[in-house]
Amino acid sequence: MAQVIWSEPALQDLNEIAEYIALNKVSAAKNLVQNIFSNTDRLEEFPKTGRKVPELQDSRYLELIVNPCRIFYRIEKDKIYILYVMRSERKLRNYLLDERTNQDS
């Protein structure tokens, strides 16, 4: 069984998204956060559940889609690093994944 490790920047990303949603509907923000943690917790047993990132076909990153968010992660042996959470409608900035990967190494 793998261990899921959230990077500090990814937690901050999720917090910012939840705070924005909570401005209009607190319950929707809470449900989103619960849904995201539920989906990422499943990675402990099924680490390859995510798909290859379409913008980064030849990379080691995978993503989970939990609308309206994309959760980017990588697998290293028995650890799963959650690196980046973003709104689905935003354009992926590839350099952010590389920066966050280098911070965890």
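Scroll up to find the structure.
Residues numbered from 1 in each chain as written. Predicted model: local features only at pLDDT ≥ 70, side-chain atom pairs only at ≥ 80, totals over all residues. Heavy atoms only, no water.

Peer 1: Could you give an account of the environment of Glu16, with specific residues and numbers?
Peer 2: Mapping Glu16 onto the fold places it in helix 1 (residues 8-22). Along the backbone, Glu16 and Met86 are 70 residues apart, and their C-alpha atoms lie at a distance of 9.7 Å. (Helix = DSSP H or I, 4+ residues; strand = E, 2+ residues; numbered from the N terminus.)

Peer 1: Explain the packing of aromatic side chains to me, and be specific about the residues and the numbers.
Peer 2: Considering all chains together, one arrives at two aromatic pairs under this definition. Both rings, one in Trp6 and one in Phe37, keep their centres 5.0 Å apart while their planes meet at 50 degrees; by these two values the pair is tilted. Here Phe37 lies in helix 2 (residues 26-41) and Trp6 lies in strand 1 (residues 3-6), a separation of 31 residues in the sequence. Under the relative-accessibility criterion, Trp6 is labelled buried at 15%. (Phe/Tyr/Trp six-rings, centres within 6.5 Å; stacked < 30°, edge-to-face > 60°. Buried < 20%, exposed > 50% of the residue type's maximum accessible area, 1.4 Å probe, protein only.)

Peer 1: With reference to specific residues and values, describe the packing of helix 1 against helix 2.
Peer 2: Here helix 1 crosses helix 2 at 155 degrees, and the two axes come no closer than 7 Å. Relative to helix 2, the element helix 1 lies roughly antiparallel. As helix 1 runs across helix 2, the sense of the crossing is right-handed. Touching Leu11, Leu14, Ile17, Ala18, Ile21 and Ala22 of helix 1 are Val26, Ala28, Ala29, Leu32, Val33, Ile36 and Phe37, all from helix 2. Per-class residue counts for the contact of helix 1 with helix 2 are 13 nonpolar, no polar and no charged. (Axes fitted to C-alpha atoms, helices over the stretch in contact; angles between N-to-C directions. Parallel < 35°, antiparallel > 145°, perpendicular 65-115°, else oblique. Left-handed = near helix turned anticlockwise from the far one by under 90°. Contact = heavy atoms within 4.5 Å. Nonpolar A, V, L, I, M, F, W, Y, C, P; charged D, E, K, R; others polar.)

Peer 1: Now, about the side chain of Arg70: what can you tell me, with residues and values included?
Peer 2: Along the chain, Arg70 turns up in strand 4 (residues 69-76). With a relative accessible area of 6%, Arg70 lands in the buried category. A distance of 2.8 Å separates polar atoms of two side chains, one belonging to Arg70 and the other to Glu55. Separated by 2.6 Å, the side chains of Arg70 and Glu63 make a polar contact. Beyond its immediate stretch of four places on either side in the chain, Arg70 contacts Val53, Pro54, Glu55, Glu63, Leu64, Ile65, Tyr84, Val85, Met86, Ser88 and Leu92. (Polar contact = N/O pair within 3.5 Å; in protein donor to acceptor, adjacent residues only side chain to side chain.)

Peer 1: Describe the pattern of salt bridges, with residues and values.
Peer 2: The tally for this structure, following the rule as stated, stands at six salt bridges. In this structure, Glu55 and Arg70 form a salt bridge, with 2.8 Å as the shortest nitrogen-oxygen distance. One end of the pair, Glu55, is in the loop between strand 2 (51-52) and strand 3 (61-66); the other, Arg70, is in strand 4, and 15 residues separate them in sequence. Here Glu55 falls in the partly exposed class, since its relative accessible area comes to 40%. (Salt bridge = Lys/Arg side-chain N within 4 Å of Asp/Glu carboxyl O.)

Peer 1: Provide a residue-level description of the sheet that holds strand 5 (residues 79-87), including the pertinent values.
Peer 2: With mixed pairing, five strands are arranged side by side in an open sheet as 1-5-4-3-2. The strands lining the two open edges of the sheet, one partner per strand, are strand 1 and strand 2. Where helix 1 meets the sheet, it contacts strand 1, strand 4 and strand 5, and its direction lies at approximately 35 degrees from that of strand 5. In the packing of helix 2 onto the sheet, the strands contacted are strand 1, strand 3, strand 4 and strand 5, and the crossing angle to strand 3 comes to about 140 degrees. (Pairing = 2+ DSSP bridges.)

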